[in-house]
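Commentary on secondary and tertiary structure
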Amino acid sequence: MWLHQMLHGVQIPPLRDPHSIEMIGWLELALDDAPVLMLSGMHDGVIPESINSDAFLPTQLRSRLGLIDNARRYARDAYVMMTILNTRDQVEFILNRLNSDGDPQTPSRLLLSVPLER
């Protein structure tokens, strides 16, 4: 009875299936311990995200206030990318040539900033 009352309303996640594929967000990837990683959607403008206009907080004001701006997003995402590359046995990148409208997509700038041997 007591245990039932204590656990009432508590959600317990299901056990992970060893044959499943786990999907997590970009910023959480550096914390994941999987030895193999497949990254998709690594296109410019997506990673690193680039916001060039904000009606209330322009880029220069964001920088002066110490808020996240494009330079900080790039630095954060470059750190995540290098952490991923240096802590995994295998990393694969999946890129699309065209988006859903048929327009060409360019690879992320982060892919071009990695040393050539990687």
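See the structure printed just above.
As the structure is a computational prediction, the values presented were derived from the model and not from experiment.

Conventions adopted
- Residues numbered from 1 in each chain as written.
- Predicted model: local features only at pLDDT ≥ 70, side-chain atom pairs only at ≥ 80, totals over all residues.
- Heavy atoms only, no water.
- Salt bridge = Lys/Arg side-chain N within 4 Å of Asp/Glu carboxyl O.
- Helix = DSSP H or I, 4+ residues; strand = E, 2+ residues; numbered from the N terminus.
- Buried < 20%, exposed > 50% of the residue type's maximum accessible area, 1.4 Å probe, protein only.
- Contact = heavy atoms within 4.5 Å.

The tally for this structure, following the rule as stated, stands at two salt bridges. Note that R109 and D44 form a salt bridge whose closest N and O atoms lie 3.0 Å from each other. Within this pair, whereas R109 is found in helix α4 (residues 109-112), its partner D44 is found in the loop between β1 (36-40) and α2 (59-65), the two being separated by 65 residues in sequence. A relative accessible area of 34% places D44 in the partly exposed class. Notably, a salt bridge pairs D77 with R76, separated by 3.1 Å at the nearest N-O pair.

With that settled, consider the environment of L98. Tracing the backbone through its elements, the reader meets L98 in the loop between β2 (90-94) and α4. With 48 residues separating them in the primary sequence, L98 and S50 have C-alpha atoms 19 Å apart. Apart from residues no more than four positions distant in its own chain, L98 is found in contact with D103, P104 and Q105.

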